[in-house]
Amino acid sequence: MYTLYYCPGTASMIVHLALLEIGAEHELKLVDVEKNQQKDPAYLRLNPNGVVPTLVFGDRPYLESAALLMLLSERHPQAGLVPAAGSVERDQWRQWIMYLSHSLQAAFRAWFYPAELGYEEHTAVTRQALQNRIAAIWDKLDQHLEQNGPYLLGDTFSGADLYLTMLMRWSRNMPRPATGWPALNRLAHLIIARPSWQKMVAIEGIDAWPKMTSN
């Protein structure tokens, strides 16, 4: 049994998706970040970073969305979220997850939380710089998918595609969302059609993808 501390639409989405894909028994516990519940003392004892997600099993809490995706994928290899151990594809899968975590998710963190950069609101210069940084990542990912897709690992779906699609959804209200790139848009349509995505958005009570462009 897994227990996921989550908040709809946040980085906990990838862990929720993974749990649904692998079909593992789990329960969800809402942490309302709008009410600052991630800073409650009881929650901080589980996650001293004061963020979601937190995944608890075996009486231990585990943190970091990318790490939790890898953990669940590797604990349940039969679900097909991770390539076979020792394969080139496994090495590429790990590389993509680290890239998405350290480059794209980190950039979004700066975009959504200007206070962490010392601002109440982003200056115009900083805002544009972050837009440019994220757009450059979309450029790289779109080029890769055009040449090697439709998935990050070619013809084979993996948990890395769930992760990327979650991050693409975060761009939906930016001046140029990720779906403005054709190969990224195709991937998004493939992923949101999966039963796990449809079930996740229904459970979390969020739109599958507002303002989604046609495929």
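Scroll up a little and you will see the structure.
Read on for a plain summary of the structure. (Residues numbered from 1 in each chain as written. Predicted model: local features only at pLDDT ≥ 70, side-chain atom pairs only at ≥ 80, totals over all residues. Heavy atoms only, no water.)

## Digging into the pattern of salt bridges
And step 1. According to the stated counting rule, one finds 5 salt bridges in the structure shown.
And step 2. A salt bridge links Asp91 to Arg94; its shortest N-O distance comes to 3.3 Å. One end of the pair, Asp91, and the other, Arg94, are both in helix H4 (residues 88–112), 3 residues apart, so they sit about a helical turn from each other.
And step 3. A salt bridge links Glu116 to Arg109; the nearest nitrogen and oxygen atoms lie 2.6 Å apart. (Salt bridge = Lys/Arg side-chain N within 4 Å of Asp/Glu carboxyl O. Helix = DSSP H or I, 4+ residues; strand = E, 2+ residues; numbered from the N terminus.)

## As for helix H6 (residues 159–170)
And step 1. With 12 residues, H6 extends 17 Å between its outermost C-alpha atoms, agreeing within 8% with the 16 Å of an ideal straight helix rising 1.5 Å per residue.
And step 2. Counting buried residues in H6 gives 12 out of 12 residues, a clear majority hidden from the surface.
And step 3. Residues of H6 that are buried: Gly159, Ala160, Asp161, Leu162, Tyr163, Leu164, Thr165, Met166, Leu167, Met168, Arg169 and Trp170.
And step 4. Summarising the contacts, the buried residues of H6 are in contact with helix H1 (12–22), helix H3 (65–75), H4, helix H5 (124–148), helix H7 (182–192) and helix H8 (195–204). (Expected span 1.5 Å × (residues − 1). Buried < 20%, exposed > 50% of the residue type's maximum accessible area, 1.4 Å probe, protein only. Contact = heavy atoms within 4.5 Å.)

## Notes on the side chain of Glu21
And step 1. Looking at the secondary structure, you find Glu21 in helix H1.
And step 2. At 2.6 Å, the side chain of Glu21 and the side chain of Ser196 are in polar contact.
And step 3. Non-local contacts of Glu21, meaning those with residues more than four positions away in its chain, are made with Ala79, Leu81, Phe157, Leu162, Arg194 and Ser196. (Polar contact = N/O pair within 3.5 Å; in protein donor to acceptor, adjacent residues only side chain to side chain.)

## With respect to the environment of Gln131
And step 1. By the secondary structure assignment, Gln131 is in helix H5.
And step 2. With sequence-adjacent residues up to four places away left out, Gln131 is seen in contact with Trp111, Met174 and Pro175.

## A closer look at the packing of H1 against H6
And step 1. Their axes nearest at 9 Å, the elements H1 and H6 cross at an angle of 145 degrees. For the pair H1 and H6, the crossing hand works out as right-handed. Taking contact as the criterion, the partners of Met13, Ile14, Leu17 and Glu21 in H1 are, on H6, Gly159, Leu162, Tyr163, Met166, Arg169 and Trp170.
And step 2. Taken together, the residues of the contact of H1 with H6 break down into 7 nonpolar, 1 polar and 2 charged. (Axes fitted to C-alpha atoms, helices over the stretch in contact; angles between N-to-C directions. Left-handed = near helix turned anticlockwise from the far one by under 90°. Nonpolar A, V, L, I, M, F, W, Y, C, P; charged D, E, K, R; others polar.)

## Thoughts on the packing of aromatic side chains
And step 1. Taken as a whole and assessed by the stated rule, the structure comprises 9 aromatic pairs.
And step 2. Measuring from centroid to centroid gives 5.0 Å for Tyr2 and Phe57, while their planes differ by 70 degrees, and the two rings are edge-to-face. Linking Tyr2 in strand S1 (residues 2–6) with Phe57 in strand S3 (residues 54–57), this pair joins segments that are 55 residues apart in sequence. Taken as a pair, Tyr2 and Phe57 share a single burial class, namely buried.
And step 3. Look at Trp96 and Tyr99: their rings are 6.0 Å apart centre to centre, the planes differ by 80 degrees, and that puts the pair in the edge-to-face class. Of this pair, Trp96 and Tyr99 both sit in helix H4, 3 residues apart, which is roughly one turn of the helix.
And step 4. Residue Trp96 is classed as buried on the basis of its relative accessible area, which comes to 10%.
And step 5. Taken together, Phe108, Phe112, Trp138 and Trp170 form an aromatic cluster joined through their ring pairs. (Phe/Tyr/Trp six-rings, centres within 6.5 Å; stacked < 30°, edge-to-face > 60°.)

## Concerning H5
And step 1. The first and last C-alpha atoms of H5 sit 36 Å apart over 25 residues, in line with the 36 Å expected at 1.5 Å per residue.
And step 2. Check the buried side of H5 and you find it contacts H4, H6 and H7.

## Thoughts on the side chain of Asp161
And step 1. Structurally, Asp161 is set in helix H6.
And step 2. Lacking a salt bridge, the buried Asp161 has Arg194 as its closest oppositely charged neighbour, with an N-O distance of 7.8 Å.
And step 3. When residues no more than four places from it in sequence are discounted, the contact partners of Asp161 are Tyr151, Leu152, Thr156, Leu187 and Ile191. (Lys, Arg positive; Asp, Glu negative; His and termini not counted.)

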